[in-house]
Amino acid sequence: MGNTNETSFLALGGEWVITVINQQLQCLMGHRKTMLSEMACDAREGTSAAPGGAVTLDMSRVEALDASGCQLLASFVQVMRRDGVKAGVAEMPASFSELFESLGYHRVLQAADQAYEDA
Amino acid sequence: MTTANAKAANIDLNQFNGVFFEECSEHLEEMERVLLSLDDAAPDPDALNAIFRAAHSIKGGAGIFGFEDMTVVTHLLESLLDRVRNHQIPYSSAMTDLFLEAGDVVAMQLAGHREGKPFSAENVEQVSLKLQRLLDAVGASGEAAGSGADAPGAMRQTVIRRLEILFTPDRDIFQRGVRVENLVEELKELGELQTSATVSLPEDFAAFDPEACYTSWCFSLTTEASDNDIRDIFIFAAEEEQLVIREVRDEGEGELPPPDVAGRPAVEEESLSSQVHGRRAYDRDETAPGAFGRRSGENESSIRVSVSKADQLINQVGELVITQAMLSQVAASIDPVLHETLHRSLLQLERNTRDLQRSVMSIRLVPISLVFNRFPRMVRELAAKLGKQVELRMTGEGTELDRGLIEKITDPLTHLVRNCLDHGLESTEARVAAAKGPVGTITLKASQMGGRIIIDVIDDGAGLNREKILRKAVERGIPASDAMSNEEVWQLIFAPGFSTAETVTDISGRGVGMDVVLRNVQALGGRIQIESEPGAGTRITISLPLTLAILDGLSVGVGDHRFILPLNAIVESLQPKKEAVKTLNGMQVVNVRGEYIPILPLRELFNLHNGVTDPCSGIFVLVNVEGEQAAIMVDSLLDEHQVVIKSLEENYRKVPGAAGATILGDGKVALILDVPALLQIWKNRTYGRECPAGEVTTNE
C-alpha cells in the first residue's frame, strides 16, 4: 500500500464463506496492520497533510459470498473507519451486491460512512 | 428450510425422517405429560407454553418433511393454545380432553407415516372439526376471526399489516449452518421486505471471531401473513425470545430503525413473561444438512445412539471379559514369583475390564419413568370410566434398570394398575361410608436395593378378601385351607383362571391376568410378593434383577460338567448326614432343621453319565423360589463370580432348565440354571407328567 493519503486498493479473492472465513480475516488483519503502521509512521514524520487514508476493497475476484462473508466485510469497513481510514467496497458482482443488500449490511456501511463523516 | 428449498438444494430429507419421527414422539409425550399435570382452574403459563411449543415444533417439522396432513390438527391446536396463553380465552378441563384426543390423532398419523400404513382420516377429521368448532366458538371477537385466516386451507382474510421483526440470533448461528440468506428469501415470499443489519463489534478487533455472528437484524415486512407463519420460518434458527414481532401502526415511509443492540435488542415485556428455554428440533442431529445446524456452543448432555449399536458394544465387552477370564486362568498355572509383572498386569487388566463392563452396562440402563409415564393418562381415563376418584402418585421414577427389562415389565405393571383401579379401590360412596377420603390413591414406587430393582404397586383400597379367595380356590380345585397364612392365601390369586371378580369388565376380571403377570416376572428372574390389609389396601412388590446381561453366580461341578447357579436364588449349601436323607412319597428329601426339602439331583435332571449318585457324598445347594425350597445336589462348589449371560436360543436352541449359558475362563461352556424351571421339571417328572425331551430321564 502506498501513501496513506491516497486511496489504496485491496484486491480480494477466493471464497468468503463460513468454511474459510478465518483465512480471509487473517488476510484483512495483515493489511490493516500495515495500514495502521504506515499511518503511525506518517503521523510521527508529519508527512501526511491530513490524518487517515482510504482503502477500497476490490471484490471483482471474489468467488463466493455468504452471510459470514458479508459480516466480515462490513465489520472490516466499520473497524477501519473507526481507525480513521475511509474504507469501502467496490466492483462487487451484482449477485453479491444483491445478497449484501438483502441481508441489510449496506446499512452497516451507510452507518459507518455517517460515523466517519461526523468524526 | 422448506421442502421446496430442500428440493432445490437437492437435499433428500427422507434420510432424516427417522429423526423427525423420534423427535415428534418425544414432543407428543411431553405434550401429554404436561396436559395431564395441568391445573384446569389455574393452568401454569410455563406449562401452556411448553404444550404450545411442542405442537408448534411438530407442525414445523411435519411441514418441512412433507407430512402436511400432520400440520392440520397441530395448527388448530396451536391456534387454540395461543389464545389460551395470551389470556384471550379461559382454559377448561374439556380442553384437556380435546387436546389429549388431538395428540392421539397426531400420534396415529405419525405411526402411519413411520410404518407406512394407512390411518383413519375420519378420526383426523373429527378431531379437526372439534378443534375448529371450539376455535370458532371463542373466536367471536375480531382477533379470533383473524386467526381463522391462519388455518391451512382456509380462506385468508386480506389483512395487510406492517411488521417490525427483530431477530437476534445466537453467536453460533453461522457455525450451525443456519443460512440467514434463506430466512430472508422466505420472508420475501411473505411480502414486501426491507432489511437492516447491525454489527456489534468487540472493542478490540483482535478478539473478533469471523465464524461467530455479531449481527442482529431488523426486518420491516408488509404482509398478510400471521405471526405464526413468520415464526415458522425461524423455527430452527431462533428461540422464542430471539424473535420479536411487533406491528407498526404508524403511517408513512420511514427509515428502518436499526435494532437496539447493546449486544442484543430490548425484549418486549410479554416476550419476557413467556421467556422459557425452548428446545429446537433436530439441533442434536449431527448428520443433518447445514440448514438444520447444530448448537456447537451448547452443553450437550446426551447423544443419540441406536439400541443395536449399544447392544453390540455390550456384547463385545462381554467377550472381552470372557477373554480376560481365560487369560487369568492360564496365568494361574504360571509361577507368580518368576512372572510377577505378568501377574500384576493381568490383575490390572481384570480391574480395567470390570470397570469397562460396569460403564458399558450402564448404557443399557434407562429410567423406569419410561414405563411409569404411561400410567397418568391410563389412570385418568379408567377412573373416569369407572366413576371413581383416583390420585396417582409416583416416586423413584429416576430408578434405572436394564432396557430389556423395561420392555418386558410394562405389561405386568399395566395389569396390576388396572386391577388396583377396578378391584382394589372402592367407589367414592363406599370410601365415604368407610370413613375414608373420597379420592383413592394408587402409588407406584421404584427403588434399587442390593442389586435388584424393587417396584411397588400400592393402593389404599379395600384390601384382598381372604375368605373370598379361599372359597374361590376351593371351587376351582386349587389346594387351599383355612390353616394357610395370609401370604400363602394371597399367592393363590396367581393361579391360572383365578378371579374373584363378580363381573368381567373390559378392564379386568377375566382371570387371565395375574398368572401371566407372575409368569412374565419370573421369566425375567423376578419375584412377586403381596401384602394386604382389609380396609386399608394392598401392596404388590415386584423384585427384578438389575440387568439381564450379567449375573452373579455360583459355579458348581457335576461330573465333568460345570453349571452356574444364580446367587440370588441360593439360601445356603450343606453336606447332608445320612440320617437326614429320606424318601417321601417316592421322592428323596433332606431334613433341614425339621423341614423336609425335596432333593433335585442335577446329574439326573440333565442326564449326565458321571457324577456323584449317593446324596451323602454330594453337596446340597438349598434354593428358594417364590417360597418354594429345593436342595440341588451337585458334586462340588467351585467358584463365585460374575458371568456374562449368552442366549442359548440365539446360539443353539432353548434348553429346558437353562436360563442361558456362559463361557468360562478355560473356554468351556457352562449352562446357567433356571431354578424355577428346574423345580417344575422335577415335579413333573416325579408326579409322572410329560417330561421335556432329551434333557431329563425318568427316575428309576
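Note: the structure precedes this text.
As the structure is a prediction and not an experimental result, all values here were calculated from the model. (Residues numbered from 1 in each chain as written. Chains lettered and ligands numbered in written order. Predicted model: local features only at pLDDT ≥ 70, side-chain atom pairs only at ≥ 80, totals over all residues. Heavy atoms only, no water.)

## A look at the overall build of chain A
Right, on to step 1. Along the backbone of chain A there are 4 helices and 3 strands.
Right, on to step 2. Counting every position in chain A, which comprises 119 residues, the buried fraction comes to 48%.
Right, on to step 3. The long-range fraction of contacts in chain A, counting pairs at least 24 apart against all pairs at least 6 apart in sequence, stands at 82%.
Right, on to step 4. For chain A, the computed accessible surface area is about 5600 Å², with 49% contributed by carbon and sulfur atoms. (Helix = DSSP H or I, 4+ residues; strand = E, 2+ residues; numbered from the N terminus. Buried < 20%, exposed > 50% of the residue type's maximum accessible area, 1.4 Å probe, protein only. Contact = heavy atoms within 4.5 Å. Areas by Shrake-Rupley, 256 points an atom, 1.4 Å probe, with all protein chains shown as cover.)

## Some words on the nonpolar core
Right, on to step 1. By size, the foremost hydrophobic cluster in this structure holds 61 residues, and its most contacted members are Tyr105 of chain A together with Phe167, Trp217 and Phe234 of chain B.
Right, on to step 2. With 9 residues, the single largest contributor to this core is helix 2 (residues 67-82) of chain A.
Right, on to step 3. Membership of the second largest hydrophobic core comes to 47 residues, among which are Ala383, Cys420, Ile442 and Val517 of chain B. (Core = buried A, V, L, I, M, F, W, Y, C linked by side-chain atoms within 4.5 Å.)

## What to know about helix 3 (residues 45-64) of chain B
Residues and elements named next belong to chain B.
Right, on to step 1. Over its 20 residues, helix 3 extends 28 Å from the first C-alpha to the last, a length consistent with the 28 Å expected when each residue adds 1.5 Å.
Right, on to step 2. Extensive coverage of helix 3 is indicated by the burial of 17 of its 20 residues.
Right, on to step 3. Positive backbone phi, at 85°, marks Gly66, one or two positions downstream of helix 3. (Expected span 1.5 Å × (residues − 1).)

## What to know about the environment of Lys388 of chain B
Right, on to step 1. Turning to its location among the elements, Lys388 of chain B is positioned in the loop between helix 14 (375-386) and strand 6 (390-395).
Right, on to step 2. The sequence separation of Lys388 of chain B and Glu426 of chain B amounts to 38 residues, and the corresponding C-alpha distance is 7.7 Å.

## Some remarks on helix 11 (residues 307-331) of chain B
Residues and elements named next belong to chain B.
Right, on to step 1. The first and last C-alpha atoms of helix 11 sit 36 Å apart over 25 residues, in line with the 36 Å expected at 1.5 Å per residue.
Right, on to step 2. Taken residue by residue, helix 11 has Ala310, Ile314, Val317, Gly318, Val321, Ile322, Gln324 and Ala331 as its buried positions.
Right, on to step 3. As for helix 11, its buried residues are in contact with helix 12 (340-361), strand 20 (636-644) and strand 21 (658-663).

## Some words on the packing of helix 2 (residues 17-37) of chain B against helix 5 (residues 93-115) of chain B
When two helices pack together, their arrangement is given by the angle between the helix axes and by the axis-to-axis distance.
Residues and elements named next belong to chain B.
Right, on to step 1. Close contact between helix 2 and helix 5 brings their axes to 10 Å; oriented N to C, the two are set at 165°. The orientation of helix 2 with respect to helix 5, classified from their angle, is roughly antiparallel. In this structure, helix 2 crosses over helix 5, and the sense of that crossing is left-handed. Of helix 5, the residues touching helix 2 (which contributes Phe20, Phe21, Cys24, Ser25, Leu28, Met31, Glu32, Leu35 and Leu36) are Thr96, Phe99, Leu100, Gly103, Asp104, Val106, Ala107, Leu110, His113 and Arg114.
Right, on to step 2. When the residues that make up the contact of helix 2 with helix 5 are grouped by side-chain class, the tally is 12 nonpolar, 4 polar and 3 charged. (Axes fitted to C-alpha atoms, helices over the stretch in contact; angles between N-to-C directions. Parallel < 35°, antiparallel > 145°, perpendicular 65-115°, else oblique. Left-handed = near helix turned anticlockwise from the far one by under 90°. Nonpolar A, V, L, I, M, F, W, Y, C, P; charged D, E, K, R; others polar.)

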